[in-house]
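Working through the structure, step by step
Chain by chain, the residues:
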Amino acid sequence: MRNGVTGAVLCTLRNIQFPPKPVYALHYSPFEENICYAACMDGAVYRIEIPHIDTPMPDLPVTSIRADPILETLNTQFYGSPGISGYSTPFVTQRTPALSLGVLAEQPKLTVGYDDGSIKVYDMQTQEVG
């Protein structure tokens, strides 16, 4: 997670497996505050609780020149990267990699596209295909 103004790294969300598998898609839930879902190469869709991080916003004049966010990020990571947060838990799992996902806007349903060409629709309350 990065600060939207400065680009500085605030925290890293990562699952507990090692080595971590690549994430192919990320979707914020319209039904739950500070929750997003991540489709992962290991076949799981992770439910991620986004921690609340207070970051003071500097009072920058409209005409100010800021440093390149990439350089700020490199400096932040070099001198002491923020800790890894363990806020992710497997929500649904399959044997094939999850490549895409989305949350329906009208009802609490999660759609997931898998590497085997299938698309599954899960009820977010029961975690059952429905």
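Residues numbered from 1 in each chain as written. Predicted model: local features only at pLDDT ≥ 70, side-chain atom pairs only at ≥ 80, totals over all residues. Heavy atoms only, no water.

**What to know about unusual backbone geometry**
For the record, the criterion: Helix numbers and strand numbers start at the N terminus; a helix is a DSSP run of H or I with at least 4 residues, a strand a run of E with at least 2. Here's how the labels work: a residue is buried when its accessible area is under 20% of the maximum for its type, exposed when over 50%, partly exposed in between, all with a 1.4 Å probe on protein chains only.
Phi angles above zero are rare outside glycine, and asparagine 34 is one such case at about 60 degrees. Following the sequence through the fold, asparagine 34 ends up in the loop between strand E2 (23-28) and strand E3 (35-40). Taking the relative accessible area as the measure of exposure, asparagine 34 reaches 40% and is therefore partly exposed.

**Considerations on the sheet that holds strand E8 (residues 109-114)**
Test applied: Note on pairing: two strands pair once DSSP finds at least 2 bridges between them. Interaxial angle, 0 to 180 degrees, is taken between N-to-C directions of lines fitted to C-alpha atoms, where a helix line uses only the stretch in contact.
Strand order across the open sheet formed by 3 strands is E7-E8-E9, with antiparallel pairing between neighbours. Each edge of the sheet is formed by a strand with only one pairing partner; in this case those strands are strand E7 (98-103) and strand E9 (119-123). In this sheet, adjacent strand axes meet at a mean angle of 20 degrees when their direction is disregarded.

**Quick look at the pattern of salt bridges**
To keep things clear, this is the line we draw: By salt bridge we mean one thing: a side-chain nitrogen of Lys or Arg within 4 Å of a carboxyl oxygen of Asp or Glu.
Following the criterion strictly, the structure yields 3 salt bridges and no others. Between arginine 47 and glutamate 32 there is a salt bridge, and its shortest N-O distance comes to 2.9 Å. Of this pair, arginine 47 sits in strand E4 (residues 44-49) while glutamate 32 sits in the loop between E2 and E3; the two residues are 15 residues apart in sequence, bridging distant segments of the chain. Classification of arginine 47 as partly exposed rests on a relative accessible area of 21%. According to the relative accessible area criterion, glutamate 32 is partly exposed, its value standing at 25%. One salt bridge connects glutamate 49 with arginine 47, and the closest N-O pair in it is separated by 3.8 Å. Because the salt bridges share partners, they merge into one network encompassing Glu32, Arg47 and Glu49.

**Regarding the sheet that holds E4**
Reading across from one edge, E2-E3-E4-E6 is the order of the 4 strands in this open sheet, with antiparallel pairing throughout. Two strands in the sheet have a free side with no partner beyond their single neighbour: E2 and strand E6 (88-93). The sheet shows a mean angle of 25 degrees between the axes of neighbouring strands, direction not considered.

**Side note on the confidence of the model for the chain**
Selection criterion: What pLDDT reports is the predictor's confidence in each residue, on a scale of 0 through 100. Note on contacts: a residue pair is in contact if any heavy atoms of the two residues lie within 4.5 Å.
Per-residue pLDDT for the chain averages 75, and the proportion of residues at 70 or more is 66%. The secondary-structure element of the chain with the lowest mean pLDDT is helix H1 (residues 69-80), recorded at 41, while E9 shows the highest, at 95. Counting interchain partners and residues more than four positions distant, the pLDDT-below-50 stretch residues 71-85 has 24 contacts.

**A word on the packing of aromatic side chains**
The relative placement of two aromatic rings is captured by the distance of their centres and the angle of their planes. Filter applied, for reference: Each aromatic pair joins two rings of Phe, Tyr and Trp (for Trp, the six-membered one) with centres within 6.5 Å, and gets the label stacked for planes under 30 degrees apart, edge-to-face for over 60, and tilted for any other angle.
In this structure the tally under the stated criterion is 1 aromatic pair. Measuring from ring centre to ring centre gives 5.1 Å for tyrosine 37 and phenylalanine 91, while their planes differ by 65 degrees; the resulting arrangement is edge-to-face. Residue tyrosine 37 is located in strand E3, and its partner phenylalanine 91 is located in strand E6; the two are separated by 54 residues in the primary sequence. Residue tyrosine 37 shares its accessibility class with phenylalanine 91, and that shared class is buried.

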